[in-house]
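Each chain, letter by letter, is given below.
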Amino acid sequence: MAATERDAVSLGGAAPVMSPDLIMQVAPGTPAREMSYQEAIREALREEMTRDASVFVMGEDVGKHGGAFGVTRTLFDQFGGARVRNTPISENTIVGAATGAALVGMRPVIEIMFVDFSGLAMDQICTQAAKLRFMTGGQCQVPWVLRMPQGGGAGKSTAAQHSQSLETWFAHIPGLKVVLPSTPYDAKGLLKAAIRDNNPVIFLEHKFLYSFRGLVPDQDYVLPIGKCDVKRVGTDVTIVASGYMVWHAMLAAQMLEREGVSVEVIDVRAISPLDRETIGASARKTGRVVLVAEAVRDYGPTGEWAMAVTEQAFDYLRAPVVRVTGRNSPVPFANSIEDGVWPRTDDVLQAVRQVMAY
Amino acid sequence: MNNEIPIDVALSMYGTMVRIRRFEQAVSELYARGKIPGFLHTYIGEEAVAAGVCANLRLEDKIISTHRGHGHLIAKGGRLDLMMAELFGKATGYNKGKGGSMHIAEPDLGMLGANAIVGAGAAIINGAAFTAQYLGNDGVAVAFFGDGATNTGTFHEAMNFAAVWNLPSIFVCENNGYAESTPRRQHQKIQAVAQRAVAYDMPGVTVDGNNVGAVYLATRSAVQRARSGGGPAFIECQTTRWRGHHEADQQHYRPKEEMLTIEDRDAIRDWRNELLARGVSAAQLDEIEQTAAQELENAVAFAEASPLPDPAQAYTDIFTPVSEAL
Ligand SMILES: Cc1ncc(C[n+]2csc(CCOP(=O)(O)OP(=O)(O)O)c2C)c(N)n1
Ligand SMILES: [Mg+2]
């Protein structure tokens, strides 16, 4: 069962669903088209490749085949094999080559099929690319983007080596920016910003979001990396979330509105650099904070977000901060137990009720 | 050449191939019916590799497998019912439903696991080979992997490591000509994958992976050599992946002419003919087929009837308990 269906069932009643209108980001009247998260990413790639000849794409099966999830499909036909490049199964070398190309003026966009395979490339990502700017005293820059699908929760049973959420691996390394878009609008604007950024950017696409649809403006736009986005304004409680979890937060907020609870939803968008100010300001306003992330709990992103709240809003808190996270377990294969390890809308609802009742 | 293979071994390899083929056909169909979740990579068309290699191995010898791993476990003696239950995600499966198709393992049979990280097994198998060397027994350890895997850094490091430590590691490359959608000529330049062995001063051979006898004989010499301290070897088995990379793969990248000829080579049909020529009766071979079909039917029934794992199972087996003796 898809997570959306399951959540609808477990919530009972009027079966709210994660429909596109849950998150409206384009002002009425703005010329825009509805597209999927996947199409938005592809469009960002297409536009940036058109705009800048130094942008090229490489990765395993990204050519005609379009990559493991079809994200780069049709780019090969448009730009040819010189700019949409298939590589051997050699993750460390793929990232290393991107770093080399970036050092001498190119803007590579790399795809690793699943974030789980980034383990093979950690030296090149964390110990080479991330540090070159610093080690050379600012002489070098490494403007690449590393796109990686991550996460689970779609009842897909991709098991322990294909379902992880690993954003904090990268966020722990100074020199890397780490972006987790939650909507088609954000995915396009943030990817364009990432490509134009002069630093290595880790761009984590949630697998389950690929088919999610939303409005994307016709006009060229970029979004700032390192700014949270207030997805919903509220006064009673703040939910801080990223990636797919933003949808759980929005759904919960809609439900809670019927109970008379006004929820503010902060989409972290980039966990590094982290926009502590926006989180802090919201926490000071509402005094109640729930943090939601799919990654496993321990040493996951919510720990850092909670610290931001403590540092900036301690005196304003009316309840201890509560978090909803993936469980501390490798992801199991069987549907029946996989289901239980992901955060769901129900968990978010309960957490909000808990801080409200404190 | 194949005639020198003892008839009982020849028959047993036939049985192994048939069991693999039946199992894979069944899971492919069950997958289409939504009975099996996750990614499913089938081994149809490649059966002769696992069968020919593992016919040379003892229970204590170790193997490590890939994302396309069902055939290896079957060839090492895996039970179809416990495998089927694992693929269904049932509590009675080899790994309690926690691993599934890509992570199935049975250490008691010397099968150290399927693996969803391409190339990883080549490194791990060296540890098992080293342990045999260290303990002074004549065990060997076999890593199976694909042509695509030979482009990973891990593979090259593992080959060199095995060579310099003179380990009883046997590297078996299942060259099916593809890494997902990428044909081999687009992911490596060498004519034969076995050329890779030259760089590590390791014997490397290329055999017809559709000829189970040829696979058996090539492995036999590698195993004999490794057991007697002669060090590692590399065997390239040229084979064909009959189906998509995984079951959801539409294979748009495979040329039409190729699609039409995929099943031209059929290791099982060929071996059956060789056995008939050696005087085995058709009735005996049919019986092997029927036994496999029956075993499979039971396996599916077992998997269907088995319970799902309890949700609490998600939080067990994360750590191994510390032994009381500590
Ligand atoms: C390190 C790593 N990179 C990429 C993948 C995705 N992937 C899974 S199978 C595969 C192709 C493997 O090709 P090959 O080794 O020839 O094995 P085959 O599937 O043909 O049996 C790829 C790229 C992976 N699982 N692990
Ligand atoms: Mg292959």
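Residues numbered from 1 in each chain as written. Chains lettered and ligands numbered in written order. Predicted model: local features only at pLDDT ≥ 70, side-chain atom pairs only at ≥ 80, totals over all residues. Heavy atoms only, no water.

(A) Structural view of the site of ligand 1. Around ligand 1, a shell composed of 20 residues is seen, among which E91(A), H67(B), R68(B), A116(B) and G148(B) lie nearest. More than one chain lines the surroundings of ligand 1; the residues nearby belong to chains A and B. Here A149(B) contributes a backbone N or O atom positioned 3.0 Å from an oxygen atom of ligand 1. N176(B) places a side-chain nitrogen or oxygen 2.8 Å from an oxygen atom of ligand 1. Here ligand 1 loses 98% of its free accessible area of 580 Å² to cover by the protein chains. (Near = heavy atom within 4 Å. Polar contact = N/O pair within 3.5 Å; in protein donor to acceptor, adjacent residues only side chain to side chain. Areas by Shrake-Rupley, 256 points an atom, 1.4 Å probe, with all protein chains shown as cover.)

(B) Region of the structure containing helix α8 (residues 245–258) of chain A. All names here are of chain A. The terminal C-alpha atoms of α8, which comprises 14 residues, lie 21 Å apart, in line with the 20 Å expected from a rise of 1.5 Å per residue. Burial of α8 is extensive: 11 of the 14 residues sit out of reach of the surface. Two residues or fewer after α8 comes G260, characterised by a positive phi angle close to 85°. (Helix = DSSP H or I, 4+ residues; strand = E, 2+ residues; numbered from the N terminus. Expected span 1.5 Å × (residues − 1). Buried < 20%, exposed > 50% of the residue type's maximum accessible area, 1.4 Å probe, protein only.)

(C) Summary view of empty space enclosed by the protein. Residue and element names in this part refer to chain A. Within this structure, the stated rule accounts for three cavities of 30 Å³ or more. Within this model, the largest cavity holds a volume of roughly 100 Å³. Every residue lining the largest cavity is counted, 15 residues in all, and those nearest its centre are Q150, L180, H206, S242 and G243. Of all elements in the fold, only β7 (201–206) and β13 (289–296) reach the threshold of two or more residues within the lining of the largest cavity. Three or more residues apiece are contributed to the lining of the largest cavity by two domains, here domain 1 (3–13 + 226–356) and domain 2 (31–217). Estimates place the volume of the second largest cavity at around 50 Å³. As for the second largest cavity, its lining consists of P20, I23, Q25, T183, P184, Y185, R213, G214, L215 and W247. Secondary-structure elements contributing two or more residues to the lining of the second largest cavity are α7 (184–196) and β8 (213–217). The greatest single-element share of the lining of the second largest cavity, amounting to three residues, is contributed by β8. (1 Å grid on protein atoms, 1.4 Å probe; cavity = no way out; pocket = protein on both sides within 12 Å on 5 of 7 lines; lining within 4 Å. Points joined across faces, edges and corners; volume = space filled by probe spheres on them. Domains from an automatic or database assignment.)

(D) Expanded view of the coordination of the magnesium ion (ligand 2). Residue and element names in this part refer to chain B. Binding of the magnesium ion (ligand 2) to the protein goes through D147 (OD), N176 (OD1) and Y178 (O), at separations of 2.0 to 2.1 Å. Sequence spacing among the residues donating to the magnesium ion (ligand 2) works out to D-x28-N-x1-Y. Relative accessible area serves as the criterion here: at 9%, N176 is assigned to the buried category. Given the relative accessible area of 9%, Y178 is considered buried. (Donors = N, O, S within 2.8 Å, 3.2 Å for Na, K, Ca; no water.)

(E) Layout of the side chain of S28(B). All names here are of chain B. With respect to the helices and strands, the residue S28 is situated in helix α1 (residues 7–32). In this structure the side chain of S28 is engaged in a polar contact, spanning 2.8 Å, whose partner is the side chain of E247. Once residues within four sequence positions are removed from consideration, S28 is found in contact with L40, T42, R243 and E247. (Contact = heavy atoms within 4.5 Å.)

(F) Region of the structure containing the domain arrangement of chain A. Residue and element names in this part refer to chain A. One can read the domain layout of chain A as domain 1 (3–13 + 226–356) and domain 2 (31–217). Here the C-alpha centre of domain 2 lies 26 Å away from the C-alpha centre of domain 1. Contact with domain 2 buries surface across domain 1, with Y244, W247 and R269 losing the most and accounting together for 26% of the total. Linking domain 1 with domain 2 are two salt bridges. Close ionic contact of R269 with D186 constitutes a salt bridge, the shortest N to O distance being 2.9 Å. For the pair domain 1 and domain 2, the interface holds 14 residue pairs in polar contact (both at pLDDT 80 or more). (Buried area = accessible area lost by both parts, 1.4 Å probe. Salt bridge = Lys/Arg side-chain N within 4 Å of Asp/Glu carboxyl O.)

(G) Spotlight on the layout of surface pockets. All names here are of chain A. Quantified by volume, the second largest pocket comes out at close to 370 Å³. Elements that contribute at least two residues to the lining of the second largest pocket include exactly α6 (167–171) and β13. Per-element accounting of the lining of the second largest pocket gives the leading share, three residues, to β13. A breakdown of the residues in the lining of the second largest pocket according to their chemical character gives 11 nonpolar, seven polar and three charged. Split by domain, the lining of the second largest pocket shows at least three residues from each of two domains, domain 1 (3–13 + 226–356) and domain 2 (31–217). (Nonpolar A, V, L, I, M, F, W, Y, C, P; charged D, E, K, R; others polar.)

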